[in-house]
Amino acid sequence: MTFKVKDHYFHKAKKDNFLARSVYKLEEIDERFKILKKNDQVIDFGYHPGSWVQYTSEKVGVNGLVIGADVRDINKKLLGVPNVRLFQRDILTIETMQELGVSDQFDVVLSDMAPNTTGIMSVDQARSLNLVEMVFFLMPKFLKPGGNTVIKVFESNDAQVFLKEQKKLFSEFHYLRPKSTRSVSKEYFVIGKDFRP
Ligand SMILES: C[S@@+](CC[C@H](N)C(=O)[O-])C[C@H]1O[C@@H](n2cnc3c(N)ncnc32)[C@H](O)[C@@H]1O
């Protein structure tokens, strides 16, 4: 079950014209770990409604590119943004970069994907890990050597074991629970810098 908490970050996002409060998680991660830079080409898996797309599109500038993919209908509010392209796709069905209209590998892979939750912890953890595994599966095709990644993870032992294995793929590997994360949430983010496939 998902619900909207109208807390400080919800109101701040409204005031700052962001489409979701999750933008402050990416902002904190980016300020701390310097993930995004001008002219970057970025893929955002599970972009909807699109606050990460808004933030990233500003950061990469007019010569950069942000591609968003999500199972949900395209968010029309983002259609006028010149350096943004959106796709209605389930990440579990994506095999090649060409399906997203690009041939060059990305500088940054973002994923804030969250599964439909059931309230049954083991099921929700497994579904979330499935999405995380898929992002890592696509990584060698999608992320440039030297590139960065930010991926949302739901806490579980299996996730921990899986991520430990992936650590060697990056020069730097960090875990962070941003300040704006709701206290009841089981999510955190894994941040990989300098991909070494
Ligand atoms: C928390 S929201 C993302 C919020 C977004 N980062 C923002 O700032 O507006 C998670 C998104 O993941 C998407 N998602 C979940 N499973 C997916 C899948 N298999 N493929 C693509 N998108 C998926 C959901 O549809 C949902 O829109």
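Residues numbered from 1 in each chain as written. Predicted model: local features only at pLDDT ≥ 70, side-chain atom pairs only at ≥ 80, totals over all residues. Heavy atoms only, no water.

A. Geometry of the packing of helix α2 (residues 23-33) against helix α3 (residues 51-60). In the contact formed by α2 and α3, the axes pass within 8 Å of each other and the chain directions differ by 40°. As summarised for this structure, α2 and α3 are arranged oblique, according to the angle between their axes. Two packed elements cross with a definite hand, and for α2 against α3 that hand is right-handed. Residues Val23, Leu26, Glu27 and Asp30 of α2 pack against Ser51, Trp52, Tyr55, Thr56 and Lys59 of α3. Among the residues forming the contact of α2 with α3, the class breakdown is four nonpolar, two polar and three charged. (Axes fitted to C-alpha atoms, helices over the stretch in contact; angles between N-to-C directions. Helix = DSSP H or I, 4+ residues; strand = E, 2+ residues; numbered from the N terminus. Parallel < 35°, antiparallel > 145°, perpendicular 65-115°, else oblique. Left-handed = near helix turned anticlockwise from the far one by under 90°. Contact = heavy atoms within 4.5 Å. Nonpolar A, V, L, I, M, F, W, Y, C, P; charged D, E, K, R; others polar.)

B. Just the environment of Phe137, in detail. Structurally, Phe137 can be placed in helix α4 (residues 121-142). On the accessibility criterion, Phe137 (57% relative accessible area) is exposed. Along the primary structure Phe137 and Glu95 are separated by 42 residues, whereas in three dimensions their C-alpha atoms are 9.8 Å apart. (Buried < 20%, exposed > 50% of the residue type's maximum accessible area, 1.4 Å probe, protein only.)

C. Broad picture of the pattern of salt bridges. According to the stated counting rule, one finds eleven salt bridges in the structure shown. Here Lys12 and Asp16 are joined by a salt bridge, their closest N and O atoms 3.4 Å apart. For Asp16, a relative accessible area of 31% translates into the label partly exposed. Note that Asp40 is salt-bridged to Lys37, the shortest N-O span being 3.0 Å. Classification of Asp40 by relative accessible area gives buried; the value is 3%. Residue class for Lys37 comes out exposed when judged on its relative accessible area of 52%. One salt-bridge network, held together by shared partners, links Lys25, Asp112, Lys152 and Glu187. (Salt bridge = Lys/Arg side-chain N within 4 Å of Asp/Glu carboxyl O.)

D. Region of the structure containing the packing of α4 against helix α5 (residues 157-166). Their axes nearest at 11 Å, the elements α4 and α5 cross at an angle of 10°. Classified by the angle their axes make, α4 and α5 are roughly parallel. Residues Leu129, Val132, Glu133 and Phe136 of α4 form the contact with α5, whose participating residues are Asp158, Ala159, Phe162, Leu163 and Gln166. Looking at the contact of α4 with α5, its residues break down into six nonpolar, one polar and two charged.

E. Here's a closer look at the nonpolar core. By size, the foremost hydrophobic cluster in this structure holds 33 residues, and its most contacted members are Phe45, Phe136, Met139, Phe142 and Leu163. When contributions to this core are tallied by element, the ones reaching two or more residues are β1 (41-45), β2 (65-70), β4 (106-111), α4, β5 (143-154), α5, β6 (170-176) and β7 (187-195). For this core, the element with the most residues is α4, which contributes nine residues. In this view, Phe45 contacts Ala69, Ile91, Ile94, Val109, Leu110, Ser111, Asp112, Met113, Val135, Leu138 and Phe142; residues no more than four positions away in its chain are not counted. Judged by nonpolar contacts, the second largest core, of 24 residues, contains Ile29, Val53, Leu78 and Leu86. (Core = buried A, V, L, I, M, F, W, Y, C linked by side-chain atoms within 4.5 Å.)

F. The arrangement of the UniProt feature "active site" (unreviewed entry) in the protein in detail. Per the UniProt entry, the sites bearing "active site" (unreviewed entry) are Lys152 in this numbering. Among the structural elements, Lys152 can be located in strand β5. Since its relative accessible area comes to 8%, Lys152 is described here as buried. Ignoring anything within four residues of it in the chain, the contact list for Lys152 reads Ser111, Asp112, Met113, Ala114, Val132, Glu187, Tyr188 and Phe189. (UniProt positions renumbered as here; feature names shortened; annotations may be inferred.)

G. Geometry of α5. The complete set of buried residues in α5 reads Ala159, Phe162, Leu163 and Gln166. Within α5, the buried residues cover an arc of 95° as seen down the axis, which keeps them to one side. Facing away from the buried side of α5 by over 90 degrees, the exposed positions are Asn157, Val161 and Lys164. Its buried side turned inward, α5 meets α4, β5, β6 and β7. (Arc of directions from axis to C-beta.)

H. The arrangement of the site of the ligand in detail. The full set close to the ligand counts 20 residues, and Gly50, Ser51, Asp70, Asp90 and Asp112 are the nearest of them. Taking Asp70, its side chain carries an N or O atom lying 2.7 Å from an oxygen atom of the ligand. Relative to its free-state accessible area of 610 Å², the ligand is covered by the protein chains to the extent of 86%. When the residues that make up the shell around the ligand are grouped by side-chain class, the tally is nine nonpolar, five polar and six charged. (Near = heavy atom within 4 Å. Polar contact = N/O pair within 3.5 Å; in protein donor to acceptor, adjacent residues only side chain to side chain. Areas by Shrake-Rupley, 256 points an atom, 1.4 Å probe, with all protein chains shown as cover.)

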